[in-house]
Amino acid sequence: MSELLPGVLSHLEKLVSFDTRNPPRQIGTGGIFDYLRSQLPGFEVTVTDHGAGAVSFFAVRGAPRRVFNVHLDTVPSSPAWSADPHTLRVTAERAIALGACDIKGAAACLVAAARVTTGDVAFLFTTDEEANDPRCIAAFLASKHGFDQAIVAEPTMGEAVLAHRGISSVLMQFRGEAGHASGQHARDTSALHAAMRWGSRALDFVEAQDHLRFGGLTGLRFNIGRVEGGIKANMIAPSAELRFGFRPLPSQSREQLHDQFRGFAPTGMLGSYEETFTGPSLPSGDVAHAEERRLAARDLADELGLPIGNAVDFWTEASLFSQAGMTAFVFGPGDIAQAHTADEWVALDQLVSVAAHYQRLMQSP
């Protein structure tokens, strides 16, 4: 094991001890940020409260071109945890605690590497990623930050991930005509029937996208998460609500997909169609240039001497940096399969490997 590991585990023990669960989004400018400030001497630090538990901690040493981004908020803990989720447990192979994998382990690696180097480096720590409310990064990107590269430290098992899907969540409302269910017209006037017909058409469309490919990803990911409506079995449903989400390839236009899904509603029965959350793909921007931008990220990862992994299905905020014109990829310790689980853990050898890469990158321009 690396000489960096004791420092990484020491920082991780402190970081997981701070309750940054989101929700309830009760995160202030002290606590974990006071600790980080104390551990980064020689850095110029700016802490900003963006409201609603969204706090950013921007730390710069020297004049770097590249910014490392880590979110410090975690998902809530569940009753299935076998011990206190805010107390680090270390076994021969694992570090176990809430956020150890997603993604305080990466934050601990960055701080440990910064303390044994003197090179130019910048960190952007945030607390709103788990809320699907990226105020911190939006504010950073709106500033005159001067960076053209971003590494987002989500768990990628120590490999640079150059591409991932976008994400969109939608709320649809259907309208029908209330009445007695004994009439033949119930078949065509029920809002719930309209929602079910929409679902059937949408699923057929998604299945027809299975042949599409981009950077190792295949097809369109889609899920109907909730359908509500109606009153009882012998009453025609006058209204219905449906929530669904999809995750497009970087080579697919989100706007065109919305047009497709909207158009599957039976004529005259769509009450409203509202996108409730959206995140771009990685790489993001002009669909026609997606592969070109992926190759630019690959060239950067090669230049930095990082192993390159496969594209992934989960979404990260690396796409927001890419959308702003920066060359961005994802690189951090841990396996996404452990994220958001009870007794969440990160492998010690992953912490060692990634911390060593971070140290090397901080020692050179």
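Nothing here was measured: the structure is a model prediction, and the numbers come from that model.

Q: Go over the overall build of the protein with me, naming the residues and quoting the values.
A: Counting its regular elements, the protein contains 10 helices and 17 strands. Whereas a compact globule of 365 residues would reach a radius of gyration of roughly 21 Å, the protein reaches 23 Å, a difference of no more than 12%. On the principal axes, the C-alpha backbone points of the protein span a range of 75 × 45 × 40 Å. Split into buried and exposed, the 365 residues of the protein put 52% on the buried side. In the protein, of all internal contacts separated by at least 6 residues, the share reaching a separation of at least 24 is 80%. Accessible surface for the protein amounts to roughly 15700 Å². Of this, 49% is attributable to carbon and sulfur atoms. Looking at charge distribution, the protein has the averaged site of its 30 positive side-chain charges lying 3 Å from that of its 41 negative ones.

Q: Go over the pairing of strand β8 (residues 167–175), please, and point to the residues and values.
A: Where β8 and strand β15 (residues 270–279) come together, eight bridges link them in antiparallel fashion. Considered in β15, the bridge of Leu 171 is made with Glu 274.

Q: Hey, could you go over the layout of surface pockets for me, with residue numbers and the actual values?
A: By volume, the largest pocket is sized at about 340 Å³. Residue lining of the largest pocket: 15 residues in total, with Glu 129, Glu 130, Arg 247, Trp 315 and His 340 positioned closest to the centre. Tallied by class, the residues present in the lining of the largest pocket amount to six nonpolar, four polar and five charged.

Q: For the sheet that holds strand β17 (residues 345–347), give the residues involved together with the corresponding values.
A: Ordered by their spatial adjacency, three strands build an open sheet running β4-β5-β17, and the pairing between neighbours is antiparallel. Lying at the two open borders of the sheet, with one neighbouring strand each, are β4 (89–90) and β17. With three bridges connecting them, strand β5 (residues 94–96) and β17 associate as antiparallel partners. Each residue of the ladder has a partner; that of Ile 96, found in β17, is Trp 345. Of the strands in this sheet, β4, β5 and β17 are in contact with helix α10 (residues 348–363), which crosses β17 at around 60°.

Q: Quick rundown of the pattern of salt bridges? Include the residues and the values.
A: Across all of its chains, the model carries 14 salt bridges by this definition. We note a salt bridge from Glu 241 to Arg 243, for which the minimum N-O separation is 3.7 Å. Classification of Arg 243 by relative accessible area gives partly exposed; the value is 36%. For Arg 262, the salt bridge is made with Asp 259, and the minimal N-O distance between the two is 3.1 Å. Of this pair, Arg 262 and Asp 259 are both found in helix α7 (residues 254–263), three residues apart, which corresponds to roughly one turn of the helix. The partly exposed category is assigned to Arg 262, whose relative accessible area is 34%. One salt-bridge network, in which partners are shared between bridges, spans Arg 25, Asp 133 and Arg 135.

Q: How would you summarise the side chain of Gln 350 if you had to cite specific residues and measurements?
A: Among the structural elements, Gln 350 can be located in helix α10. At 3.5 Å, the side chain of Gln 350 and the backbone oxygen of Met 157 are in polar contact. When neighbours within four sequence positions are excluded, Gln 350 is seen to be in contact with Met 157, Gly 158, Gly 332, Pro 333 and Gly 334.

Q: Outline the packing of helix α3 (residues 100–115) against α10, supporting the account with residue identities and numerical values.
A: In a pair of packed helices, the angle between the axes and the distance between the axes together describe the arrangement. At their nearest, the axes of α3 and α10 sit 8 Å apart, and the two run at 45° to each other. By the angle between their directions, the pair α3 and α10 is classed as oblique. The two elements α3 and α10 meet at a crossing, and its hand is right-handed. Where α3 approaches α10, its residues Gly 105, Ala 106, Cys 109, Leu 110, Ala 113 and Ala 114 are matched on the opposing element by Leu 351, Ala 355, Tyr 358, Gln 359 and Met 362. In terms of residue class, the contact of α3 with α10 is built from nine nonpolar, two polar and no charged.

Q: Can you lay out the packing of helix α2 (residues 32–39) against α3 for me, pointing to particular residues and giving the numbers?
A: Where α2 meets α3, the axes come as close as 10 Å, and the angle between the chain directions of the two elements is 25°. In terms of orientation, α2 and α3 fall into the roughly parallel class. Of the residues in α3, those in contact with Ile 32, Leu 36, Ser 38 and Gln 39 of α2 are Lys 104, Val 111 and Arg 115. Class assignment of the residues belonging to the contact of α2 with α3 gives a composition of three nonpolar, two polar and two charged.

Q: Now, about the sheet that holds strand β14 (residues 239–247): what can you tell me, with residues and values included?
A: Taking strand neighbours across the sheet as the criterion, the four strands line up as β12-β14-β8-β15 in an open arrangement whose pairing is antiparallel. This sheet does not close on itself; its edge strands, each paired only once, are β12 (221–229) and β15. Taken over all neighbouring pairs, the strand axes of this sheet differ in orientation by 15° on average, direction set aside. One ladder, built from eight bridges, connects β12 with β14; its direction is antiparallel. If you follow Phe 222 over to β14, its bridge partner there is Phe 246. The strands touched by helix α6 (residues 191–207) are β8, β12 and β14; relative to β12, the strand with the most contacts, the crossing angle is about 175°. Docked against the sheet, α7 engages β8, β12, β14 and β15, running at close to 155° with respect to β15.

Rules behind the numbers
- Residues numbered from 1 in each chain as written.
- Predicted model: local features only at pLDDT ≥ 70, side-chain atom pairs only at ≥ 80, totals over all residues.
- Heavy atoms only, no water.
- Helix = DSSP H or I, 4+ residues; strand = E, 2+ residues; numbered from the N terminus.
- Rg over C-alpha atoms; globule rule 2.2 N^0.38 Å.
- Buried < 20%, exposed > 50% of the residue type's maximum accessible area, 1.4 Å probe, protein only.
- Contact = heavy atoms within 4.5 Å.
- Areas by Shrake-Rupley, 256 points an atom, 1.4 Å probe, with all protein chains shown as cover.
- Lys, Arg positive; Asp, Glu negative; His and termini not counted.
- Charge placed at Lys NZ, Arg CZ, Asp CG, Glu CD.
- Pairing = 2+ DSSP bridges.
- 1 Å grid on protein atoms, 1.4 Å probe; cavity = no way out; pocket = protein on both sides within 12 Å on 5 of 7 lines; lining within 4 Å.
- Points joined across faces, edges and corners; volume = space filled by probe spheres on them.
- Nonpolar A, V, L, I, M, F, W, Y, C, P; charged D, E, K, R; others polar.
- Axes fitted to C-alpha atoms, helices over the stretch in contact; angles between N-to-C directions.
- Salt bridge = Lys/Arg side-chain N within 4 Å of Asp/Glu carboxyl O.
- Polar contact = N/O pair within 3.5 Å; in protein donor to acceptor, adjacent residues only side chain to side chain.
- Parallel < 35°, antiparallel > 145°, perpendicular 65-115°, else oblique.
- Left-handed = near helix turned anticlockwise from the far one by under 90°.

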